[in-house]
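Each chain, letter by letter, is given below.
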Amino acid sequence: MSFDLFKTEGEGRLSVFAIAGRQRFEVRIDPTRGRCETLHNGHAIPDGNCQLPEIGDGLTLEVSLVDRQFLVAVNGHPVGTAYTYRREARREWNPAPRPLGIGSSGLGVEIGNLRVYRDVYYTGPIGWPARWGLDNPAKLGEDA
């Protein structure tokens, strides 16, 4: 999910949720303090805090669940490193009826350019270095 966050009013926080099975991730944004914090199942993710730039003309937030990794980027720059979570056994898997969410507590916000990408496994998350076939085609051998 990707969106632009514009002006804010009041004091409080914005929360962005991403859920995969029993894995619940949250990004808490506090524009008054200029900070963000990431959590996994209610616990802080090491290396998951960031200093936010002034919202002013807006900022872009991206939240991704890709290959059992949780990634966050602000204005195209990764927040910490990719956080890897364990694979759930098929019998434990329970798809979330609402896998993504945005909520606010005491904060008035304006959100624009909301985009949700699903099952786009062949493209790379913005801001994360990787070798992708779309950017640099890979030549397969005769036995591939």
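See the structure shown above.
Our subject in this report is the structure included herewith. (Residues numbered from 1 in each chain as written. Predicted model: local features only at pLDDT ≥ 70, side-chain atom pairs only at ≥ 80, totals over all residues. Heavy atoms only, no water.)

Description of unusual backbone geometry
So, step 1. A positive phi angle, close to 50°, is found at Asp67, a residue other than glycine.
So, step 2. With respect to the helices, strands and loops of the structure, Asp67 is situated in the loop between β7 (59-66) and β8 (69-74).
So, step 3. Asp67 sits in the exposed class, given a relative accessible area of 66%.
So, step 4. A positive phi is found at Asn113, a non-glycine position, where the angle reads about 50°.
So, step 5. Mapping Asn113 onto the fold places it in strand β12 (residues 108-115). (Helix = DSSP H or I, 4+ residues; strand = E, 2+ residues; numbered from the N terminus. Buried < 20%, exposed > 50% of the residue type's maximum accessible area, 1.4 Å probe, protein only.)

As for the nonpolar core
So, step 1. Counting 24 residues, the largest nonpolar core has Ile29, Leu61 and Phe70 as the members making the most contacts within it.
So, step 2. When contributions to this core are tallied by element, the ones reaching two or more residues are β1 (2-9), β2 (13-20), β3 (23-30), β7 and β8.
So, step 3. No other element matches the four residues that β2 contributes to this core. (Core = buried A, V, L, I, M, F, W, Y, C linked by side-chain atoms within 4.5 Å.)

Some thoughts on the environment of Pro78
So, step 1. Along the polypeptide, Pro78 turns up in strand β9 (residues 77-78).
So, step 2. With a relative accessible area of 33%, Pro78 lands in the partly exposed category.
So, step 3. Along the backbone, Pro78 and Leu61 are 17 residues apart, and their C-alpha atoms lie at a distance of 9.9 Å.

Considerations on the state of the cysteines
So, step 1. The tally for this structure, following the rule as stated, stands at one disulfide.
So, step 2. Between the sulfur atoms of Cys36 and its disulfide mate Cys50 the distance is 2.0 Å. Taking the sign of the S-S torsion, about 140° here, the bridge from Cys36 to Cys50 comes out right-handed. In this pair, Cys36 is assigned in strand β4 (residues 35-40) and Cys50 in strand β6 (residues 50-51), connecting sequence segments 14 residues apart. The exposure classification of Cys36 matches that of Cys50, with both residues buried. (Disulfide = S-S within 2.5 Å.)

Some details on a nonpolar patch on the surface
So, step 1. A contiguous nonpolar patch, built from Leu100, Ile102, Ile111, Leu114 and Val116 and spanning about 380 Å² of accessible area, is present on the exposed surface.
So, step 2. Elements that contribute at least two residues to the nonpolar patch include exactly β11 (100-105) and β12.
So, step 3. Among the structural elements, Leu100 can be located in strand β11. (Patch = residues over 30% accessible without salt bridge, like charges linked within 9 Å, V, L, I, M, F, W, Y side chains within 5 Å. Areas by Shrake-Rupley, 256 points an atom, 1.4 Å probe, with all protein chains shown as cover. Salt bridge = Lys/Arg side-chain N within 4 Å of Asp/Glu carboxyl O.)

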